[in-house]
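Structural overview
Spelled out from the first residue to the last, the chains are:
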There are 2 protein chains.
Amino acid sequence: MQQKVQKLFADIVDVRYPKPACSACDLRDLWCLPIGLKGPEFLQLDNIINRRKRIKRGEYLYRSGDSFRSLYALRMGFFKTVLSSENGQEYVTGFHMTGELLGLDAICNDSHSCNAIALEDSEICEIPYAALGSLCREIPALQHQFHKIMSREISRDHNLMVLLSSMHADERIAAFLINLSQRFEVRGYSPVQFQLRMTRGEIGSYLGLKLETVSRTLSKFQDEGVISVQNRLLVLNDLPRLKQTVERTRPSGPLCKN
Amino acid sequence: MQQKVQKLFADIVDVRYPKPACSACDLRDLWCLPIGLKGPEFLQLDNIINRRKRIKRGEYLYRSGDSFRSLYALRMGFFKTVLSSENGQEYVTGFHMTGELLGLDAICNDSHSCNAIALEDSEICEIPYAALGSLCREIPALQHQFHKIMSREISRDHNLMVLLSSMHADERIAAFLINLSQRFEVRGYSPVQFQLRMTRGEIGSYLGLKLETVSRTLSKFQDEGVISVQNRLLVLNDLPRLKQTVERTRPSGPLCKN
DNA sequence: CGAGTACTTGAACAGTGTCAAGCTTAGTGG
DNA sequence: CCACTAAGCTTGACACTGTTCAAGTACTCG
């Protein structure tokens, strides 16, 4: 299966593209690795990034069990990560947007523990872990940034655990929509109107709900005028009220915005 | 509040204790930082660890909002970490045993986002983050080990998310008991008989259940002969059957054992 | 020994899940 | 370009798990 994926990669790599350059990347201000780096340090980071890869919708970036060599910066696009059980059931553990880093959970086992699947045509930068480690030893700012990214992932998961263990269906959906909204906003898109890249079933899997409940809750929100849904197109008509829905349970403290 | 905690620390520090030495610590084989280090490297790690602190049951190691300076290696004892909401509700995000590292979620915000509270009299080693960073830049093995620990935390959280989003009460409790069992076993204690350090309410908070449900489920397991409970003392009479209870839903792949 | 906390158990209730049926959309191939 | 198909979505009725509320018991710790 690994070979299959690697073969797949070979097909995907588009050699016409120039080597990606972090220094020229518009993700610098986002949560990607280069935050806080100075001019020459950018070039060093550029040097270790192998090549840009395009992953079409539905394709795998990596699969559970693949040996771990690299992290992947999502240059553009949208991914989901899923854990799958022996009986074939799948559990979505995250949705990932432009600027985020994938594969962090693989370091501890030297192999990937989940599948990363593109939900739209995407582009990623491959960052060999060994080289990143070396560079972190040279550039303290990079090291710290990398630690921050891992730490943020942990914080975010803890917030999600609270959501999963204490919130009702409507609160979960509201929190989910607000989260998406904020993440789109940070990336320069409208925070009140956007296209969902995932199915109701995937949302449900992520939030611990059945797809029917997701559908019903969205319909309910629409009836109340808080949102408008047309298939995957979402309009948040009343963001304050949506936030109010979550406030009942939301934990305090610095929440992760993206 | 921060000052209060620091004052509290001053009281707790027991100067009669010698400086802790990783090289002499019996946690070396566990998941603590020193794994993979060579002789002289141990001493370097020893040098950055400030002092040993004792935290009595019920006391805080750190509070949400405290500024982040150090990570804490749990030298001996048992902690819980909790997120608290504005309305005073608390959500347990983890239970932590000897050898584990606390405070990883604070790196991203430069301040702690949860409270760490001792559930029994404990001892911790304080590891200043800045110094650890420096040392990681000198010792690749330490750097990698640190990354692995953070990565493991992420993996573990993902597994917990699957539990929270898909398992029934009895499956959650069974998974929880098995997890405790494995963690005790790794630490040289009996995997089939141990003392719970937390209340039913805390278990419930962690697993997304009400304390009544936890109590009922434990009673049910006892009626079935799978376990015996007397207050906080637990005996796992039929570990295989307990595992069978979880198998229905458990995701495949390399699960984190501790 | 007493007070407060933790725990157990019961009964009624509410929120989601389950099952089922029908509808809509997107994608495919003629 | 249209028809067809499969996948995704919506909605209803009902079942069931876990919560809520309540009462009583058993520990634990000063």
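This is a predicted model, so every value here is computed, not measured. (Residues numbered from 1 in each chain as written. Chains lettered and ligands numbered in written order. Predicted model: local features only at pLDDT ≥ 70, side-chain atom pairs only at ≥ 80, totals over all residues. Heavy atoms only, no water.)

A short note on the interface of chain B and chain A
At the junction of the two partners, chain B supplies 50 residues and chain A supplies 50 residues. Summed over both sides, the interface of chain B with chain A buries roughly 4,700 Å², with 58% coming from carbon and sulfur. Across the contact surface, chain B and chain A share zero salt bridges. Along the contact surface separating chain B from chain A lie 18 residue pairs in polar contact (both at pLDDT 80 or more). (Contact = heavy atoms within 4.5 Å. Buried area = accessible area lost by both parts, 1.4 Å probe. Salt bridge = Lys/Arg side-chain N within 4 Å of Asp/Glu carboxyl O. Polar contact = N/O pair within 3.5 Å; in protein donor to acceptor, adjacent residues only side chain to side chain.)

Overview of the relation of the copies chain B and chain A
Between chain B and chain A, which share one sequence, the superposing operator has a rotation angle of 180 degrees and an axial displacement of 0.0 Å; the RMSD is 0.0 Å. Within this description, the copies of the chain are treated as partners about a two-fold rotation axis. Of every C-alpha in chain B, the one belonging to R137(B) sits nearest the axis of rotation, 2.1 Å from it. Interface overlap between copies: 100% of the residues of chain B at the interface are likewise at the interface in chain A, consistent with a symmetric, same-surface contact. (Least-squares fit on C-alpha atoms with pLDDT ≥ 70 in both.)

A word on the sheet that holds strand β1 (residues 52–55) of chain A
All names here are of chain A. Strand order in the open sheet formed by four strands is β1-β8-β3-β6, and the pairing between neighbours is antiparallel. The sheet is open, and its two borders are formed by β1 and β6 (101–102), each paired with just one other strand. Where strand β3 (residues 70–76) and β6 come together, two bridges link them in antiparallel fashion. Its bridge partner lying in β6, A73 is registered against L101. In the packing of helix α3 (residues 129–138) onto the sheet, contacts are made with β3 and β8 (122–128), and the angle to β8 comes to roughly 65 degrees. (Pairing = 2+ DSSP bridges. Helix = DSSP H or I, 4+ residues; strand = E, 2+ residues; numbered from the N terminus. Axes fitted to C-alpha atoms, helices over the stretch in contact; angles between N-to-C directions.)

What to know about the packing of helix α5 (residues 169–186) of chain A against helix α6 (residues 200–207) of chain A
Residues and elements named next belong to chain A. Where α5 contacts α6, the axes come no closer than 11 Å and their chain directions differ by 105 degrees. If you check the angle between α5 and α6, you find them roughly perpendicular. Every residue of α6 that contacts α5 at R172, I173 and F176 is listed here: I203, Y206 and L207. Across the contact of α5 with α6, the residue classes break down as five nonpolar, no polar and one charged. (Parallel < 35°, antiparallel > 145°, perpendicular 65-115°, else oblique. Nonpolar A, V, L, I, M, F, W, Y, C, P; charged D, E, K, R; others polar.)

What to know about the protein's contact with DNA strand D
Neighbouring DNA strand D are 18 residues, the closest being R200(A), S215(A), S219(A), A169(B) and T213(B). Each atom of DNA strand D within 4 Å of the protein was classed as base or backbone; sugar and phosphate made up 65%. The separation between a phosphate oxygen of DNA strand D and a polar side-chain atom of S215(A) is 2.6 Å. A distance of 2.2 Å separates a phosphate oxygen of DNA strand D from a polar side-chain atom of T213(B). Those elements that place two or more of their residues in the surface near DNA strand D are α7 (211–223) of chain A together with α7 (211–223) of chain B. It is α7(A) that provides the largest number of residues to the surface near DNA strand D, a total of five residues. (Near = heavy atom within 4 Å.)

Focus: the protein's contact with DNA strand C
Taken together, 18 residues surround DNA strand C, and among them A169(A), T213(A), R216(A), S215(B) and S219(B) come closest. Each atom of DNA strand C within 4 Å of the protein was classed as base or backbone; sugar and phosphate made up 65%. One nitrogen or oxygen atom from the side chain of R57(A) is found 3.3 Å from a phosphate oxygen belonging to DNA strand C. Here T213(A) contributes a side-chain N or O atom positioned 2.5 Å from a phosphate oxygen of DNA strand C. Elements supplying a minimum of two residues to the surface near DNA strand C: α7 of chain A together with α7 of chain B.

Concerning the domain arrangement of chain A
Residues and elements named next belong to chain A. Under the domain assignment used here, chain A contains domain 1 (2–151) and domain 2 (167–247). Each partner contributes to the interface: domain 1 provides 15 residues, whereas domain 2 provides 11 residues. Summed over both sides, the interface between domain 1 and domain 2 buries roughly 1,200 Å², with carbon and sulfur atoms accounting for 61% of that surface. For the pair domain 1 and domain 2, the interface holds four salt bridges. Between E100 and R183 there is a salt bridge whose closest N-O contact spans 3.2 Å. Seen at the junction of domain 1 and domain 2, the total is seven residue pairs in polar contact (both at pLDDT 80 or more). Top contributing element to the side of domain 1 that touches domain 2 by residue count: strand β5 (residues 90–97), with eight residues. (Domains from an automatic or database assignment.)

Some details on the pattern of salt bridges
All names here are of chain B. Overall, the coordinates contain 20 salt bridges over all chains when judged by the stated rule. Residue E100 is joined to R187 by a salt bridge in which the shortest nitrogen-to-oxygen separation is 3.5 Å. Here the residue E100 occupies a position in the loop between β4 (90–97) and β5 (101–102), and R187 occupies one in the loop between α5 (169–186) and β7 (193–195), the gap between them amounting to 87 residues. In terms of burial, E100 and R187 fall into one category: buried. (Buried < 20%, exposed > 50% of the residue type's maximum accessible area, 1.4 Å probe, protein only.)

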